[in-house]
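Spelled out from the first residue to the last, the chains are:
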Amino acid sequence: MAEILSNIQVSPGVFRMKIAGKYEGRAGQFYMLRGSRIEPLLSRPLSIFDLSDHYIEFLYQVVGEGTHLFAGLKRGDSLNLVGPLGNGFPVLEGRIALVGGGIGIAPLYYAARQMVASDVFLGFREEAYLVREFSSVCSRIQVRVGGSILDEVVFEDYDYIFVCGPTGMLKAAGQRQAERHYTGNLFVSVENKMACGIGACLVCSVKVPGGTKRACVEGPVFLAKEVDFDD
Ligand SMILES: Cc1cc2nc3c(=O)[nH]c(=O)nc-3n(C[C@H](O)[C@H](O)[C@H](O)COP(=O)(O)OP(=O)(O)OC[C@H]3O[C@@H](n4cnc5c(N)ncnc54)[C@H](O)[C@@H]3O)c2cc1C
Ligand code: FES
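Since the model is a prediction, treat every value here as computed from it, not as a measurement. (Residues numbered from 1 in each chain as written. Chains lettered and ligands numbered in written order. Predicted model: local features only at pLDDT ≥ 70, side-chain atom pairs only at ≥ 80, totals over all residues.)

Q: Is there a simple way to explain the domain arrangement of the protein in this structure?
A: The figure often quoted for interface size is the accessible area lost as the parts come together. According to the domain assignment, the protein consists of domain 1 (2–85) and domain 2 (96–226). Measuring from the centre of the C-alpha atoms in domain 1 to the corresponding centre in domain 2 gives 20 Å. At 3 residues, the largest contribution of residues to the side of domain 1 that touches domain 2 is made by strand β6 (residues 55–61). Here the side of domain 1 that touches domain 2 is composed, by residue class, of 14 nonpolar, 5 polar and 1 charged. (Domains from an automatic or database assignment. Helix = DSSP H or I, 4+ residues; strand = E, 2+ residues; numbered from the N terminus. Nonpolar A, V, L, I, M, F, W, Y, C, P; charged D, E, K, R; others polar.)

Here's what the structure looks like:
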């Protein structure tokens, strides 16, 4: 069990939770989290928001039973954590854009800290949050409230583009790649529903040419051109 150091609301329904301890992980990897109560039975996947020698942080949106339970936790309460899981973002050099929509910004803070020369694009539906924190770790940031943050990204300016957000946004990014004949590498981080998080149940399967891949083991980060979003 791990001890919660803080669990602060940063925007309506969005919380930043800091947990004590030394944890491992790359940007784009995730942990399965579960409260100490019996219900809900299944753990919930959350991306690494930040890491240090003394704590790990998560940024999460309250959507259902599990995340509602997380939001009620206080300093001194405890949680079960399993991870790091998944493949995470590849470590690359070149011109890099990190693009997040809504709570899809969660894995990008740690990514921006590691890929210091990257440009960061953050899109929000109604209200921006944590912009100052992101600004402090990247050289260039663009924020949009309403509309699509993808409209701000000139694909051709980048060798690598990472997109995290709702499935509709990932699909739209894939379509733009095709329309613009973008020859760089477009990566997406999928948020398929998960149950075990360790490759055993196949709940998280992603359709790819010639079969399926498990988002929790072979993903959640995929080249956009590998993923069949129409599945
Ligand atoms: C690799 C990965 C990383 C993620 N990182 C974050 C993050 O950093 N911050 C954040 O706010 N959210 C993140 N999510 C989404 C988050 O896991 C879900 O919002 C959460 O599991 C919902 O649980 P719930 O009990 O509140 O909702 P419910 O809808 O009651 O959940 C019911 C079941 O469906 C699963 N589920 C529901 N929605 C999702 C979803 N979008 N993705 C995966 N499983 C889902 C739950 O795990 C649970 O088993 C991530 C998802 C994945 C797959
Ligand atoms: S969540 Fe069980 S195989 Fe991926």
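Q: I'm lost on the site of ligand 1 in this one. Help?
A: Near ligand 1, the surroundings consist of 24 residues, among which Tyr60, Gly64, Gly66, Thr67 and Ala106 are the closest. Tallied by class, residues from the shell around ligand 1 come to 13 nonpolar, 7 polar and 4 charged. Of the domains in this structure, domain 1 (2–85) and domain 2 (96–226) are the two that each give at least three residues to the shell around ligand 1. (Near = placed C-beta within 6 Å.)

Q: What am I meant to see in the sheet that holds strand β7 (residues 78–85) here?
A: The strands that make up a sheet pair up through hydrogen bonds in the backbone, lying either parallel or antiparallel. Overall, antiparallel pairing links the 7 strands, which are arranged β4-β3-β7-β1-β2-β6-β5 in an open sheet. Across the chains shown, the open sheet's two edge strands, defined by having one partner strand only, are β4 (44–47) and β5 (50–51). (Pairing = 2+ DSSP bridges.)

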